[in-house]
Amino acid sequence: AKEWIAECKKFHPKCAKPKYSSLPTRLVDVLSLSKAGKVKVVETQKISIDSGIQYVALSYCWGLTPTFKLEKSTRQALLSGVAMEILPRTLQDAIKFTRNINLDWLWVDSLCIIQDSQEDWNHEALTMRQVYQDSFLTVAALGGASKQGENICGGQDSTIGLALDAWPLHQRGWVMQERVLASRTLNFGPYLIWQCQEKLADEYNIIARSLYKMGFELNKHEAILGTWTEIAYDYTSGTLTVATDRLLAISGIISAIHRRTGWTNLAGLWKPFLWKQVLWEKAFDAVPESREHTGLQPSWSWTAITGGVMW
């Protein structure tokens, strides 16, 4: 992994962080673990963006077991520092890995967004484009960490690596923009898989390039609409715990496309091509009885229903 990172830093200009990158509202200070034996959350408003801070972003599934997280009642404890042992195993592994590559900061949604504050959640959800685009590296736990004791590699059979869209992590709707927007991703499964803007590799050289999705190209203006329809199909085929997140969970990609093209997006549809965009239909492989209304408007947008859509 360190060799891939070093190669990317030195030889891949497409993967470099944006010149004027920003910091997330909060970061986990993993250096405090070696200094004080505790992990703490730092609110970054007093840290200059010129300080050169680099951070790792974690992409993972929460699982079903209740875990320690940032809430109004735990905020002060996390700002002061908590024992690493009370965190889920996946987060502990991500913290150790961050230190192992000599970085001091980690972004994790469960520790960096106040989970019982709708105001904070709404604000932070709209910053996902910056969080993943500005991170030094995204670490993805492909196995999903569905159990409290499961480590960052998960408990999946190694054969699942040949069909990477089948990984538990990639079934989660929110993860789509994490996959698309990150410039570098190190995937943890039965073996390591490296994905950046200029290279695909795995530690055993067993994954055929054609079987792995290298991310979505947002640099070629003429291909962006086609790229969007592919993104939307894959995204809507995933799952969301909260149906009303249907538009919010892809807002980072919408923002990235808007910044590149200037196009206006109306409820998930691009205004310059609205006459084409409203002709979406249910995906052929979608289960009809799984269709439900999300409660979002307007009714002629794909965001109004659950399940996969296509054009």
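These figures come from a predicted structure and were not determined experimentally.

## What about the overall build of the protein?
Part 1 of the reasoning: Tallying secondary structure elements over the protein gives 11 helices and 12 strands in all.
Part 2 of the reasoning: Relative to its full complement of 311 residues, the protein shows a buried share of 50%.
Part 3 of the reasoning: When contacts within the protein are restricted to residue pairs at least 6 apart in sequence, those whose partners lie at least 24 apart make up 67%.
Part 4 of the reasoning: As presented, the protein carries roughly 15,200 Å² of accessible surface, and 53% of it is formed by carbon and sulfur atoms.

## A word on helix H10 (residues 251-261)
Part 1 of the reasoning: Of the residues making up H10, those classed as buried are Ser-251, Gly-252, Ile-253, Ile-254, Ala-256, Ile-257 and Thr-261.
Part 2 of the reasoning: Among the structural elements, helix H6 (118-125), helix H7 (128-133), helix H8 (175-181), helix H9 (224-236), strand E9 (265-266) and strand E10 (269-270) are those in contact with the buried residues of H10.
Part 3 of the reasoning: In the segment just after H10, Gly-262 is the residue with positive phi, at about 85°.

## With respect to unusual backbone geometry
Part 1 of the reasoning: Of note, the amide linkage connecting Gln-297 to Pro-298 takes the cis form, showing an omega dihedral of 5°.
Part 2 of the reasoning: One non-glycine residue, Asn-102, adopts positive backbone phi at about 65°.
Part 3 of the reasoning: Structurally, Asn-102 can be placed in the loop between helix H4 (89-100) and strand E4 (105-107).
Part 4 of the reasoning: Non-glycine residue Ala-267 carries a positive phi angle of around 50°.
Part 5 of the reasoning: Summarising the element assignment, Ala-267 is placed in the loop between E9 and E10.

## Describing the nonpolar core
Part 1 of the reasoning: Counting 74 residues, the largest nonpolar core has Leu-106, Trp-107, Leu-137, Trp-194, Trp-228 and Ile-253 as the members making the most contacts within it.
Part 2 of the reasoning: When residues of this core are assigned to their parent elements, the largest contribution, six residues, is made by H9.
Part 3 of the reasoning: Formed by nine residues, the second largest nonpolar core is a distinct cluster that contains Cys-61, Ala-140, Leu-142 and Ile-193.

## Overview of the environment of Gln-45
Part 1 of the reasoning: If you trace the backbone, Gln-45 turns up in the loop between strand E2 (40-43) and strand E3 (55-59).
Part 2 of the reasoning: Between the C-alpha atom of Gln-45 and that of Thr-25, which follows or precedes it by 20 residues, the distance is 6.8 Å.

## A few points about the pairing of strand E6 (residues 184-188)
Part 1 of the reasoning: Of all five residues that make up E6, five are buried, and the element is covered over most of its length.
Part 2 of the reasoning: Across the two faces of E6 the burial is the same, with Arg-184, Leu-186 and Phe-188 and Thr-185 and Asn-187 all buried.
Part 3 of the reasoning: Note: strand E5 (residues 137-141) against E6, four bridges, orientation parallel. Across the sheet, residue Ala-141 finds its bridge partner in E6, namely Phe-188.
Part 4 of the reasoning: Looking at chain direction, E6 and strand E7 (residues 192-196) are connected through five bridges and run antiparallel. Following the sheet pairing, Leu-186 is matched in E7 by Trp-194.
Part 5 of the reasoning: Taking the residues that link successive antiparallel strands as the turn, the E6-E7 hairpin has three residues.

## Concerning the packing of aromatic side chains
Part 1 of the reasoning: Taken as a whole, this structure holds nine aromatic pairs when the rule is applied.
Part 2 of the reasoning: Measuring from ring centre to ring centre gives 5.7 Å for Trp-228 and Trp-270, while their planes differ by 85°; the resulting arrangement is edge-to-face. Here Trp-228 is found in helix H9, whereas its partner Trp-270 is found in strand E10, with 42 residues between them in sequence. Take Trp-228 and Trp-270: they sit in the same class, and that class is buried.
Part 3 of the reasoning: Note on Trp-263 and Trp-270: the rings are 5.9 Å apart at their centroids and 65° apart in plane angle, and the pair reads as edge-to-face.

## So, the pairing of E5
Part 1 of the reasoning: Within E5, five of the five residues are buried, leaving the element largely enclosed by the surrounding structure.
Part 2 of the reasoning: Both faces of E5 are covered, namely the face carrying Leu-137, Val-139 and Ala-141 and the face carrying Thr-138 and Ala-140.
Part 3 of the reasoning: As defined by bridge partners, E3 adjoins E5 across four bridges and the pair is classed as parallel. Along E5, the bridge assignment pairs Val-56 with Leu-137.

## Considering the environment of Ser-117
Part 1 of the reasoning: Here Ser-117 lies in the loop between helix H5 (109-112) and H6.
Part 2 of the reasoning: For Ser-117, a relative accessible area of 13% gives the class buried.
Part 3 of the reasoning: Along the backbone, Ser-117 and Glu-71 are 46 residues apart, and their C-alpha atoms lie at a distance of 7.6 Å.

Criteria and thresholds
Residues numbered from 1 in each chain as written. Predicted model: local features only at pLDDT ≥ 70, side-chain atom pairs only at ≥ 80, totals over all residues. Heavy atoms only, no water. Helix = DSSP H or I, 4+ residues; strand = E, 2+ residues; numbered from the N terminus. Buried < 20%, exposed > 50% of the residue type's maximum accessible area, 1.4 Å probe, protein only. Contact = heavy atoms within 4.5 Å. Areas by Shrake-Rupley, 256 points an atom, 1.4 Å probe, with all protein chains shown as cover. Core = buried A, V, L, I, M, F, W, Y, C linked by side-chain atoms within 4.5 Å. Pairing = 2+ DSSP bridges. Phe/Tyr/Trp six-rings, centres within 6.5 Å; stacked < 30°, edge-to-face > 60°.

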